[in-house]
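If you want the building blocks of each chain, they are given just below.
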Amino acid sequence: MATIMDGKALSQKLKQQMKLRVEEMKQAGIMPKLVVVLVGNDPASHVYVRNKHKACNEVGILSEVIELPEETSQQTLLEIIGKLNQDSTVDGILVQLPLPKQINEKTVLRAILPEKDVDGFHPVNVGLMSIGDEGFAPATPSGIIAMLHEYHIPIAGKNCVIIGRSNIVGKPMAALMLRHDATVTSCHSKTKDLAQHTRQADIVIVAAGRRNVLTADMVKEGAVVIDVGMNRNDEGKLCGDVDFAAVKEKASYITPVPGGVGPMTITELLENTILAAQRHHRA
Ligand code: NAD
């Protein structure tokens, strides 16, 4: 029976530590500030943005949300980002995805100054992360690394299989695990015989967005299983990509959904905002 990795508790602990760090920064005259830009009416995005705003308040980071209507043009959004780039009181800028269809996501993400790109999606930050230099790594993979460290789970030399290769989770996860000296296999929708890969894994990280992508027969005895997925089950309850009830009997460590990776994602966004403020004032 696996140890359940408590992302909620770790997130609370890290937020307490951040609160003290932010207080110290404020005493030194540094006021970390995040601006989140939200375009349109997507209900899930509104919930995510509210949670980010609340988390900033908890640790003392100044947080501003700019809400724009669904029909906002790309030009208008780019002008707003341009002003935020210039504004020296703003340390971090985050544009909530997805964007309405008249706006090109790539163009918008590339318009954010890399030094203020606390989501870590700008190609400069993607490059810096892959060569192991100082930049910003995306929040979800960073949160997973923090959880592995918290539970003293060794990464170096371990076989790590990642299911999913998106730009926001799977690919940066692979880069970070490689940086921590794991032997990494990236699996995706075109992978033949997924189970053949996962059965070799000491650590399996699942970010496919499909229920039951990982079942107990696909997992080695004693493996560490990290579930990034966020789906709804038949009763409408939040669930992950892993058959949690069966896999937890075989794994040594497992993250639940909810209460695993999710809370850590927001915590790492706060961490990146604090880092941005520190670097900004160091410069
Ligand atoms: P995505 O749809 O962009 O990418 C999914 C990836 O999984 C693709 O690379 C695809 O090839 C692969 N895939 C899909 N079905 C597969 C299968 N049957 N076998 C093997 N590979 C398969 O999704 P994403 O943005 O990376 O998000 C993945 C999941 O993680 C979603 O459920 C999302 O809601 C969740 N998520 C959670 C958090 C969090 O904080 N907890 C953050 C980001 C994303």
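Criteria and thresholds
- Residues numbered from 1 in each chain as written.
- Predicted model: local features only at pLDDT ≥ 70, side-chain atom pairs only at ≥ 80, totals over all residues.
- Heavy atoms only, no water.
- Helix = DSSP H or I, 4+ residues; strand = E, 2+ residues; numbered from the N terminus.
- Rg over C-alpha atoms; globule rule 2.2 N^0.38 Å.
- Buried < 20%, exposed > 50% of the residue type's maximum accessible area, 1.4 Å probe, protein only.
- Pairing = 2+ DSSP bridges.
- Near = heavy atom within 4 Å.
- Polar contact = N/O pair within 3.5 Å; in protein donor to acceptor, adjacent residues only side chain to side chain.
- Areas by Shrake-Rupley, 256 points an atom, 1.4 Å probe, with all protein chains shown as cover.
- Nonpolar A, V, L, I, M, F, W, Y, C, P; charged D, E, K, R; others polar.
- Expected span 1.5 Å × (residues − 1).
- Arc of directions from axis to C-beta.
- Contact = heavy atoms within 4.5 Å.
- Axes fitted to C-alpha atoms, helices over the stretch in contact; angles between N-to-C directions.
- Parallel < 35°, antiparallel > 145°, perpendicular 65-115°, else oblique.

Trainee: Account for the overall build of the chain, naming residues and giving values.
Mentor: Helix and strand content of the chain: 10 helices and 11 strands. For 283 residues, the compact-globule formula gives about 19 Å, and the C-alpha radius of gyration of the chain, at 19 Å, lands near that figure. The principal-axis extents of the C-alpha atoms in the chain amount to approximately 55 × 40 × 40 Å. The proportion of buried residues among the 283 residues of the chain is 48%.

Trainee: Can you explain the pairing of strand β4 (residues 92-95)? Please cite residues and give values.
Mentor: Here β4 shows a buried face lined by Gly92 and Leu94 and a second buried face lined by Ile93 and Val95. Pairing of strand β2 (residues 33-39) with β4 involves 4 bridges; the strand directions are parallel. Following the sheet pairing, Leu34 is matched in β4 by Gly92.

Trainee: Go over the site of the ligand with me, naming the residues and quoting the values.
Mentor: Neighbouring residues of the ligand: 20 residues in total, closest Arg165, Ser166, Ser189, Met230 and Thr265. Note that an oxygen atom of the ligand is positioned 2.8 Å from one of the side-chain N or O atoms of Thr265. Contact with the protein chains hides 72% of the accessible area of the ligand, taken as 860 Å² for the molecule alone. Partitioning the shell around the ligand into residue classes produces 8 nonpolar, 10 polar and 2 charged.

Trainee: Residue-level account of helix α1 (residues 7-27), with values.
Mentor: The first and last C-alpha atoms of α1 sit 30 Å apart over 21 residues, in line with the 30 Å expected at 1.5 Å per residue. Residues of α1 that are buried include every one of Gly7, Leu10, Ser11, Leu14, Lys15, Met18, Val22 and Met25, and no others. Projected down its long axis, α1 carries its buried residues within an arc of 130°, all on one side. Opposite the buried face of α1, by more than 90 degrees, sit the exposed residues Leu20, Glu24 and Gln27.

Trainee: Which residues make up the side chain of Lys116, and what are the values?
Mentor: Turning to its location among the elements, Lys116 is positioned in the loop between α4 (105-111) and α5 (123-131). At 3.0 Å, the side chain of Lys116 and the backbone oxygen of Asn85 are in polar contact. Residues in contact with Lys116, not counting those within four places in the same chain, are Leu84, Asn85, Asp87, Val90, Asp91, Gly92 and Ile93.

Trainee: I'd like a rundown of the packing of helix α6 (residues 139-150) against helix α10 (residues 261-282), residues and numbers included.
Mentor: In the contact formed by α6 and α10, the axes pass within 8 Å of each other and the chain directions differ by 110°. Considering their axes alone, α6 and α10 lie roughly perpendicular with respect to each other. Along its contact with α6, which presents Ala139, Thr140, Ser142, Gly143, Ile144, Ala146 and Met147, the element α10 presents Val261, Met264, Thr265, Glu268 and Leu269. A per-class count over the contact of α6 with α10 returns 7 nonpolar, 4 polar and 1 charged.

Trainee: Break down the sheet that holds strand β6 (residues 183-187) for me, with residues and values.
Mentor: Pairing within the open sheet is parallel, and its 6 strands lie in the order β1-β11-β8-β7-β5-β6. The sheet terminates laterally at β1 (3-4) and β6, the two strands that pair on one side only. The pairing of strand β5 (residues 159-163) with strand β7 (residues 203-206) spans 4 bridges and is parallel. If you follow Ile162 over to β7, its bridge partner there is Ile205.

On their own, these measurements won't tell you what the molecule is for.
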